[in-house]
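Remarks on the overall topology
As a plain string of letters, each chain reads:
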Amino acid sequence: MERRNKQHGRFAFAGGLLCMLALASCQHGTSTSYTDVTVGEATPVTLEAVGAEFDPHFFAQNLTRNDGAKPEDWQHVVRRVKAMELQKFRVMALPQWYEPVNDNDDPHVTDRSRFTFDSPEMQSLYKVLDLAQEQGMDVCIVVWGCPVSVSLLDPAYAHVKTSFMADPAKKDVWITGPTDYDEWAENYSALIKHLVDDRHYTCVNEITPMNEPDGGPLLTSTEYIKMAEVLDARFKKDGIRDQVRFNLSDNTDTRTFYLEDCAEHLADIADVFNSHTYIFGYDTPNDTIARWERNNVEISARAGKRHLVGEFGSNQTVGATRQRDIDRYERGVLMTRLALNFLNAGAAGISYWSLIDQYYGRDADYQQMQQLGLWKYVKEAYKTDSTYDRIKEDYEVRPQYHAYALLSRFVKPGSAIHPIDLRDDFAIGTAFRDPEGKWTYVFANATDSVKSLAVVNSSVEGNFAIYRYEEQTLPADDRMLAPASHADVKSGKLPIDIAPHSVVLCRQQ
């Protein structure tokens with residue numbers, strides 16, 4: 001099998017020439033040799049969502065830094081989320097935002113007057129939830145854990161320096177698991193009850209208790225299982241358990257034992273499981289990626305549950321806040337190839353980390369800015385970076401924005417997922433049949449050669465709009481990709497040419 005170009009995002013001359021010749025032959029009606037590829041049988045699940053992480057720091061942290069961000073900049077987020085038609089947000093919350101000090105010493109009796117649901121941090125959270133509610137999106141609320149170091153915006157709580165539930169025995173960490181599961185359950189339940197009962201956010205329909213609890217670990221799997229049991233009982237007591245799904249495990253990619261333990265012991269509590277991954281890159285063949293997710297799906301299926309990919313990115317990591325390939329055009333091809341592998345292997349949904357570049361603390365230094373977004377922050381924030389002179393404007397989109405938007409715009413919840421086997425280590429395809437019966441084909445070609453394919457789907461007729469993620473033709477701004485051409489099905493086959501290092505989406509008209 002051909003390997004991807006080592007220059008990430010630059011076509012080999014021969015590959016580019018082949019591409020131009022193939023496309024020219026198509027345009028001029030001359031013969032091109034197309035390889036038949038067949039739409040396979042559907043996976044056992046339908047798609048839940050194509051989503052992204054969007055933690056609620058825009059108003060609480062970015063706008064309080066005095067580095068040029070303005071309240072009206074929020075319109076970039078609103079406009080782009082709407083244009084992308086994103087389907088789900090995974091959203092961080094922290095317990096001190098709404099319970100900076102313990103309401104009382106009895107976790108089984110809640111004094112709601114002691115909760116700060118009107119805090120600046122919560123107001124920032126409401127902005128994200130308002131957007132999700134308006135767009136009819138789903139939201140998974142993830143209370144990440146108990147921070148060791150706390151800095152709240154309200155001066156009345158300036159004396160609060162740590163979460164009252166944090167484990168003081170754990171040093172050199174920023175967050176821990178709760179020392180008291182009943183207090184944790186009271187805190188979490190109070191938040192969700194406020195969001196769904198008081199503020200009527202129907203978009204809030206899922207929770208994940210703690211981010212990557214296996215890391216550190218925040219909790220061992222045995223501790224996590226006990227915590228989840230206590231949380232489940234508390235939600236039932238407070239009458240909100242049937243309003244939110246429990247999305248559990250949330251383990252990192254190489255610690256599958258955590259998912260196995262949760263699937264074995266929490267089958268009656270979990271509604272769905274998820275895992276995160278940052279171990280796959282440009283040299284990773286499709287089967288390696290798919291095999292990882294197939295294993296997760298099989299583990300979850302033994303408990304009678306679906307599996308989601310709750311976070312994903314590349315393996316070009318530099319700490320927790322950077323990936324070296326973040327600005328490369330080729331990353332859009334890789335992210336699509338990862339997504340299709342996950343879905344072909346049986347995943348029910350995906351969530352990209354993350355929507356935007358932003359600070360998670362108003363006093364954080366530049367190295368702590370999360371720079372893994374589909375678009376950037378204000379240009380001035382990058383002034384010490386080697387990329388600064390190449391940034392043209394505030395909130396500039398990265399190339400991968402356009403690739404991921406193709407998925408979120410056209411691959412819809414409820415769609416059946418049909419793998420298309422291209423018999424290639426670095427090119428992949430998937431067909432999606434949406435609830436209205438329309439078909440969408442998506443291909444990611446990370447090789448140096450044109451893929452000239454005839455998609456065999458005998459029950460499908462008519463015309464397809466062809467969208468192309470190609471480096472030379474990307475918009476210079478945040479406009480959505482428009483159809484590059486149209487193609488007709490002939491004798492049950494749709495002919496399509498996929499340029500090297502590109503993504504192609506075919507949407508039935």
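Rules used in this analysis
Residues numbered from 1 in each chain as written. Predicted model: local features only at pLDDT ≥ 70, side-chain atom pairs only at ≥ 80, totals over all residues. Heavy atoms only, no water. Helix = DSSP H or I, 4+ residues; strand = E, 2+ residues; numbered from the N terminus. Buried < 20%, exposed > 50% of the residue type's maximum accessible area, 1.4 Å probe, protein only. Contact = heavy atoms within 4.5 Å. Pairing = 2+ DSSP bridges. Axes fitted to C-alpha atoms, helices over the stretch in contact; angles between N-to-C directions. Parallel < 35°, antiparallel > 145°, perpendicular 65-115°, else oblique. Left-handed = near helix turned anticlockwise from the far one by under 90°. Nonpolar A, V, L, I, M, F, W, Y, C, P; charged D, E, K, R; others polar. Core = buried A, V, L, I, M, F, W, Y, C linked by side-chain atoms within 4.5 Å. Expected span 1.5 Å × (residues − 1). Phe/Tyr/Trp six-rings, centres within 6.5 Å; stacked < 30°, edge-to-face > 60°. Lys NZ or Arg CZ within 6 Å of the ring centre and 35° of its normal.

A few words now on unusual backbone geometry. A cis amide bond links Gly216 with the next residue in sequence, Pro217, at an omega value of -5°. Relative to the elements of secondary structure, Pro217 occurs in the loop between β7 (204-209) and α5 (221-237). A cis geometry characterises the amide bond from Trp353 onward to Ser354, with omega recorded as -5°. The backbone of Asn66 shows a phi angle near 60°, a positive value even though the residue is not glycine. As for its position among the elements, Asn66 is in the loop between β2 (49-53) and α2 (74-84). Note on Asn66: relative accessible area 74%, which makes it exposed. Despite not being glycine, Asp250 has its phi angle at roughly 55°, a positive value.

Here we take up the environment of Ile496. Turning to its location among the elements, Ile496 is positioned in strand β20 (residues 493-498). When the C-alpha atoms of Ile496 and Cys506 are compared, they prove to be 8.7 Å apart, with 10 residues separating the residues in sequence. If we ignore the near neighbours within four places in the chain, the residues touching Ile496 are Tyr34, Phe443, Lys451, Ser452, Leu453, Val455, Ile466, Arg468, Val504 and Cys506.

On the basis of which strands lie adjacent, the open sheet formed by 6 strands has the order β14-β15-β16-β21-β18-β19 and antiparallel pairing. At either end of the open sheet lies a strand with only one pairing partner, and these are β14 (416-420) and β19 (485-488). Mean inter-strand twist for the sheet, computed between neighbouring axes without regard to direction, equals 20°. Across 6 bridges, strand β18 (residues 463-469) lies against strand β21 (residues 502-508) in antiparallel orientation. Opposite Phe464, over in β21, you have Gln508 as the bridge partner. The strands touched by helix α8 (residues 330-344) within the sheet are β14, β15 (427-433), β16 (439-445), β18 and β21, with β15 carrying the most contacts at an inclination of about 60°.

Taken N-terminus to C-terminus, the directions of α2 and helix α3 (residues 120-135) make an angle of 30°; their axes are 11 Å apart at the nearest point. Here α2 lies roughly parallel to α3, going by the angle between them. Crossing handedness for the pair α2 and α3: right-handed. On α3, the residues touching Trp74, Val77, Val78, Val81 and Lys82 of α2 are Lys127, Val128, Leu131, Glu134 and Gln135. Class assignment for the residues of the contact of α2 with α3 results in 6 nonpolar, 1 polar and 3 charged.

Our next topic: the nonpolar core. If you look at the biggest cluster of nonpolar residues, it comprises 139 residues, and the most contacted ones within it are Phe89 and Ile192. Broken down by element, this core gets its largest block of residues, 9 residues, from helix α4 (residues 181-198). Residue contacts for Phe89: discarding those within four places in its chain leaves Ala52, Phe54, Val81, Val128, Leu131, Ala132, Met137, Asp138, Val139, Cys140 and Leu355. Formed by 21 residues, the second largest nonpolar core is a distinct cluster that contains Ala431, Tyr441, Leu453 and Ala487.

The end-to-end C-alpha separation of α8 is 21 Å, in line with the 21 Å expected for 15 residues at 1.5 Å each. Extensive coverage of α8 is indicated by the burial of 15 of its 15 residues. Remark: Gly346 follows α8 within two positions and exhibits a positive phi of approximately 115°.

Under the criterion given, the structure shown has 31 aromatic pairs. Ring plane angle 10° and centroid distance 6.0 Å describe the contact between Tyr98 and Phe117, whose orientation is recorded as stacked. Within this pair, whereas Tyr98 is found in the loop between β3 (88-93) and α3, its partner Phe117 is found in the loop between β3 and α3, the two being separated by 19 residues in sequence. Across the pair, Phe117 and Tyr98 agree in class, each one buried. Through a chain of ring-to-ring contacts, the aromatic side chains of Phe54, Phe58, Phe59, Trp74, Phe89, Tyr359, Tyr377 and Tyr395 assemble into a single cluster. The ring of Trp375 has Arg80 lying over it, and the distance from NZ or CZ to the ring centre is 5.0 Å. Sitting over the face of the ring of Tyr366, Arg322 holds its NZ or CZ atom 5.1 Å from the ring centroid.

Any link to function would need more than the numbers given here.
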